[in-house]
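An overview of the molecular structure
Here's the letter readout for the chains.
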Amino acid sequence: LSCCAFNSFRFLVKGGLAGAAVYVAYDQGLLGSGIEGAEALRKAQETVPPAIQEWTDYMGWEVRAAQLPSTPKIDFSFSAVWNKGVHRVMSALSVAPTRACEYTVEGWKYVKDLVK
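Residues numbered from 1 in each chain as written. Predicted model: local features only at pLDDT ≥ 70, side-chain atom pairs only at ≥ 80, totals over all residues. Heavy atoms only, no water.

1. Details of the overall build of the protein
For the protein, the helix and strand inventory stands at three helices and zero strands. Helices and strands in the protein line up, N terminus first, as α-α-α. In the protein, which comprises 116 residues, the share counted as buried stands at 8%. For the protein, the computed accessible surface area is about 10100 Å², with 68% contributed by carbon and sulfur atoms. (Helix = DSSP H or I, 4+ residues; strand = E, 2+ residues; numbered from the N terminus. Buried < 20%, exposed > 50% of the residue type's maximum accessible area, 1.4 Å probe, protein only. Areas by Shrake-Rupley, 256 points an atom, 1.4 Å probe, with all protein chains shown as cover.)

Printed below as a string of C-alpha cells:
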C-alpha cells in the first residue's frame, strides 16, 4: 500500500511540475506568436546574467563576468522555429483522439476479416 501511495504521490508531483512549467511558458509568452516569443527571449537574455551573479554572490562564489559565456549571436529567429514546433505538436495532439478512433476502426475491420 505504501509503494502505491508513494507512486501516486510521485505522479502527482511530476504532473504538478509539468503543469507549472506549461503555465510559466504560457504566462511568459513562449506559446504565443513569434513576436511574443522574441520578447520573452529578450527578457530572459537581460534577466539571467544578473540573476546568476546575484546567486553566486549570495553563495559566496567568485564569478567574474569574463567567466560567464557570452550570448551567442544568431542569424535566424529561434522564436519562429520554436513556435512552429509548438504549433505542430499541438496540432498533432488535437487530432490524436480522432486518429486513434480511425485506427481502432481499421484494426477491428482487419481482425473481423481475419476471423471470417
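That was the structure; now back to the text.
2. Concerning the pattern of salt bridges
Scanning the entire structure with this criterion turns up three salt bridges. The partner of E102 in a salt bridge is R99, with the nearest N and O atoms 3.3 Å apart. In this pair, E102 and R99 both sit in helix α3 (residues 78-115), three residues apart, roughly one turn of the helix. The exposure class of E102 is partly exposed, given its relative accessible area of 34%. Exposure remark for R99: the relative accessible area of 41% places this residue in the partly exposed category. Residues participating in the shared-partner salt-bridge network are E39, R42 and E46. (Salt bridge = Lys/Arg side-chain N within 4 Å of Asp/Glu carboxyl O.)

3. Looking at a nonpolar patch on the surface
A contiguous nonpolar surface patch, about 590 Å² in accessible area, is contributed by W108, Y110, V111, L114 and V115. Here W108 lies in helix α3. On the basis of relative accessible area, W108 is assigned to the exposed category, the value being 54%. (Patch = residues over 30% accessible without salt bridge, like charges linked within 9 Å, V, L, I, M, F, W, Y side chains within 5 Å.)

4. Overview of the environment of K43
Looking at the element boundaries, K43 is found in helix α2 (residues 34-59). Under the relative-accessibility criterion, K43 is labelled partly exposed at 36%. When the C-alpha atoms of K43 and Q28 are compared, they prove to be 9.4 Å apart, with 15 residues separating the residues in sequence.

Worth remembering: the numbers are spatial, not functional.
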